[in-house]
Amino acid sequence: MPPKTEKVVVDVVDIVSSDDEECVALATGTNNPTSPIRRVTSQSISLAPPQQQLNSGDIARPLVQTDQNLESRSFWKAGNYALSRTARSAPASGQLEHARVHPKFLHSNATSHKWAFGAIAELLDNAVDEIHNGATFVKVDKFDIIKDHAPALIFQDDGGGMDPEGMRKCMSLGYSSKKSNTTIGQYGNGFKTSTMRLGSDVIVFSRATHESKATQSVGLLSYTFLRKTGQDDVIVPMIDFDVSGQLAEPIIYGSQDDWYSNLKTILEWSPFASKEQLMQQFEDIGRHGTKIIIYNLWLNDEGIYELSFDDDDEDIRLRDEANGGGLKKLHKRVVELQSHISYRLRFSLRAYASILYLRKFINFSIILRGKPVQQLMIADELKYSKVSSYKPNLAASSKEAAVETTIGFIKEAPALSVSGFNVYNKNRLIRPFWKVTAEGSSKGHGVVGVLEANFIEPAHDKQDFERSSQFIRLEARLKQILSDYWKNHCHLIGLLPPSFRAQNMQKELPRRSGGKNNLQKDFPVEPTIVDLEKETHNEVVSEDGPASVSVDQICEENIQLFLRCEEFMKKETEMKEEYININIVVNIASVLGMEQIVKLEKELEAAKRKRAQLSSIVDTSRKQNIAKRLEKVS
């Protein structure tokens, strides 16, 4: 969006602080004494019903000042701008002073999302929570802005939508109407933090039908507008329409001038230049649903968009993560690792969204850039899987059910060193491939687990858990589950030392030796992987005697041997390549030598022919001389 430097005065919803969770802040006028409440809380934002009204004379106007440091479009630098001084009148007689929310809070609040995909997941959660209101899809796509030809990010669902009151709750800070234990959202902060993390501005369109009254609302949360106009409160312009009839009629709470003032501000600072363009955004929403357009997307430190829409027409990627490997030629094993879901989720939204929810949707789809995301059930992809049960030690009054953890080897084990637990909370992935073993430990090589831990609280960005005592106990339990599984199943993927012999393999010897039992003592048969898959062996015999060797020792030794084997295979490959190169050189030398020999032989033959010719000439000359002498004598 081009920068706006002129001074503006706006009549809009103003977000401030309140302790009343029953209030609903509505769009109002400046001088209308009967206008509804205009202020909403920052810590527990609340809204007042339209009938509850306050004198608006306490709403002070900020002195508009153009900020000279607004050129940075990098998210992590966007909060570095000078605060403007404002003139603000004292509260009216009988009214209490209240806290306000500065626009900088929008940015600092959004820094809770260290990862852009975490912010996108918040918006997907909001759509998934609408399934109980009839939502069947959420679309995520690129949106091309006509004004400046810049890319934007669009989210659209066909859920229940938001009426004017719901729109104001959505735009409020800290307010959440989600009280169910099954919904993912709960803090009332996700929409603001996620949208502001992805871009500096967002416009929301929503249509809903409540009690036979159909409405549609437009709300603008613009960090650019707040900074460029020097606001010292978070001000959110909104307009509403009654669409119960054939025409969309404006819903006016204060005066008509107030309504048009909000409309003018939205048109000036949004991607849409006219009221008609705004109304067109409702055409594909249907009777109910919500559309969110995030624009002025953040740039990375190199000055290019953080989100990439060009690398894959069916995906949205994190540019910095996707280009982490650079243009270097990578080893085959590294390429295989980077193609695994545990790595691709770092930069591919399609990969991340495929494992974002634990249970498969029945009548709901995430449509990314026009193509549905195929959900990947990690637990179904594991081999030699088993289920371990864990009952958390909660309060005596709690009736929390036992937590079941599915654990097994990835299909690529032991070739790929992917491991860790995928921990979900209320169906939502919180920690993907969480390694509970110490760094550098070989235990758990290729082992992956999946569980849903609803008894511990996720952090506000839903990318980790609060480190409570329950979390620490869960971590200890997962370490134990991993250790037990590894001890009893590592042999199933071929991690065995060469000298490994199982006692019960002696029973198979007569069959293998064709009934010659006398061969058993001299030629003991090593167990195969197929044999070992039939039964788990906990006792083994060393070559030096009958002393037992623990499975842990065998597994550790086996891993070392496996690594050494890989090293030898690598050396063997290098030696083969060197041998081939030497053969090539020898062959080339041989070819060159043969050519030289042929050439010399040809030269020798030519010399012989020349010698024969000269010899013949000499003989003829000698004979002629003898003949002449005889004639003279006679």
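Rules and cut-offs
- Residues numbered from 1 in each chain as written.
- Predicted model: local features only at pLDDT ≥ 70, side-chain atom pairs only at ≥ 80, totals over all residues.
- Heavy atoms only, no water.
- Pairing = 2+ DSSP bridges.
- Helix = DSSP H or I, 4+ residues; strand = E, 2+ residues; numbered from the N terminus.
- Contact = heavy atoms within 4.5 Å.
- Axes fitted to C-alpha atoms, helices over the stretch in contact; angles between N-to-C directions.
- Phe/Tyr/Trp six-rings, centres within 6.5 Å; stacked < 30°, edge-to-face > 60°.
- Buried < 20%, exposed > 50% of the residue type's maximum accessible area, 1.4 Å probe, protein only.
- Lys NZ or Arg CZ within 6 Å of the ring centre and 35° of its normal.
- Patch = residues over 30% accessible without salt bridge, like charges linked within 9 Å, V, L, I, M, F, W, Y side chains within 5 Å.
- Areas by Shrake-Rupley, 256 points an atom, 1.4 Å probe, with all protein chains shown as cover.
- Salt bridge = Lys/Arg side-chain N within 4 Å of Asp/Glu carboxyl O.
- Core = buried A, V, L, I, M, F, W, Y, C linked by side-chain atoms within 4.5 Å.
- Domains from an automatic or database assignment.
- Arc of directions from axis to C-beta.

Once that is clear, we can look at the sheet that holds strand β3 (residues 137-144). Strand order in the open sheet formed by 9 strands is β9-β8-β6-β5-β10-β4-β3-β13-β14, and the pairing between neighbours is mixed. Each edge of the sheet is formed by a strand with only one pairing partner; in this case those strands are β9 (249-250) and β14 (371-372). The sheet contact formed by strand β8 (residues 238-242) and β9 spans 2 bridges and is antiparallel. Paired with Phe 241 across the two strands is Pro 250, which belongs to β9. Sitting on the sheet, helix α2 (residues 116-128) touches β3, β4 (151-157), β10 (289-297) and β13 (365-368), and the angle it makes with β4 is about 25 degrees.

In the structure shown here, the tally under the stated rule is 18 aromatic pairs. Both rings, one in Phe 241 and one in Trp 259, keep their centres 5.4 Å apart while their planes meet at 85 degrees; by these two values the pair is edge-to-face. Of this pair, Phe 241 sits in strand β8 while Trp 259 sits in helix α6 (residues 256-269), placing them 18 residues apart in sequence. When sorted by exposure, Phe 241 lands in the same class as Trp 259, which is buried. An angle of 70 degrees between the planes, with centres 6.1 Å apart, marks the rings of Tyr 343 and Phe 347 as edge-to-face. Aromatic ring contacts, followed pair by pair, group Phe 143, Phe 205, Phe 272 and Phe 282 into a single cluster. Over the ring of Phe 137 we find Lys 139, and its NZ or CZ is 5.1 Å from the ring centre.

Moving on, we come to the pairing of β4. Counted residue by residue, β4 has 7 buried out of 7 residues, so it is predominantly covered. Here β4 shows two buried faces, one formed by Pro 151, Leu 153, Phe 155 and Asp 157 and the other by Ala 152, Ile 154 and Gln 156. In this structure, β3 lies alongside β4, joined through 7 bridges in antiparallel fashion. In the sheet register, Asp 144 faces β4, and the bridge partner there is Pro 151.

On the surface, a nonpolar cluster with roughly 510 Å² of combined accessible area is contributed by Tyr 579, Ile 580, Ile 584, Ile 588 and Leu 592. On the secondary structure map, Leu 592 appears in helix α16 (residues 551-633). Looking at Leu 592, the relative accessible area reads 52%, which means it is exposed.

Of all hydrophobic cores here, the largest spans 118 residues; its most connected members are Leu 124, Leu 153, Phe 155, Ile 203, Phe 205, Leu 278 and Ile 294. Per element, the largest residue contribution to this core is 9 residues, and it comes from α2. Both of domain 1 (103-321) and domain 2 (377-392 + 400-499) provide at least three residues apiece to this core. Look past the residues within four positions of Leu 124 in its chain and what remains in contact with it is Val 138, Val 140, Phe 155, Leu 356, Tyr 357 and Ile 366.

This part takes up the pairing of β8. The two faces of a sheet get side chains in turn, since along a regular strand they alternate between them. Most of β8 is tucked away, with 4 of its 5 residues classed as buried. The pairing of strand β6 (residues 213-222) with β8 spans 5 bridges and is classified as antiparallel. Its bridge partner lying in β8, Ser 217 is registered against Asp 240. The antiparallel pairing of β8 with β9 creates a hairpin that spans 6 residues between the two strands.

The next point concerns the sheet that holds strand β18 (residues 428-434). One open sheet accounts for 5 strands, arranged β15-β16-β19-β17-β18; its pairing is mixed. Looking along the sheet, the strands with just one partner apiece sit at the ends: β15 (383-390) and β18. In this sheet, neighbouring strand axes are inclined to one another by 15 degrees on average, regardless of whether the strands run parallel or antiparallel. Sheet topology places strand β17 (residues 420-425) next to strand β19 (residues 447-452); 5 bridges connect them, and they run parallel. By the bridge assignment for β19, Val 423 is matched with Leu 451. Across the sheet, helix α12 (residues 469-489) touches β15, β16 (403-409), β17, β18 and β19, and the angle it forms with β15 is around 145 degrees.

The next thing to look at is helix α1 (residues 103-110). Looking at α1, one finds that the buried residues are Pro 103, Leu 106, His 107, Asn 109 and Ala 110. On an axial view of α1, the arc spanned by its buried residues comes to 165 degrees, and they lie on one face. Taken together, the buried residues of α1 touch α4 (190-198), β6, α5 (223-228) and β7 (234-236).

Let's shift gears to helix α3 (residues 164-171). In terms of burial, α3 is a largely internal element, 7 of the 8 residues being buried. Along α3, the residues that are buried comprise Pro 164, Gly 166, Met 167, Arg 168, Lys 169, Cys 170 and Met 171.

Turning to the pattern of salt bridges, a few remarks are in order. Within the structure shown, the criterion is met by 16 salt bridges. Across the pair Lys 142 and Asp 144 runs a salt bridge whose closest N-O atoms are separated by 3.7 Å. Judged by its relative accessible area of 53%, Asp 144 falls in the exposed class. One salt bridge in this structure joins Arg 168 and Asp 240, with 2.7 Å as the shortest N-O distance. A residue pair is termed long-range when its members are at least 10 positions apart, and Arg 168 in helix α3 and Asp 240 in strand β8 qualify at 72 residues. Classification of Arg 168 by relative accessible area gives buried; the value is 1%. Ionic contacts of the salt-bridge type, sharing partners, join the residues Asp 312, Asp 315 and Arg 317 into one network.

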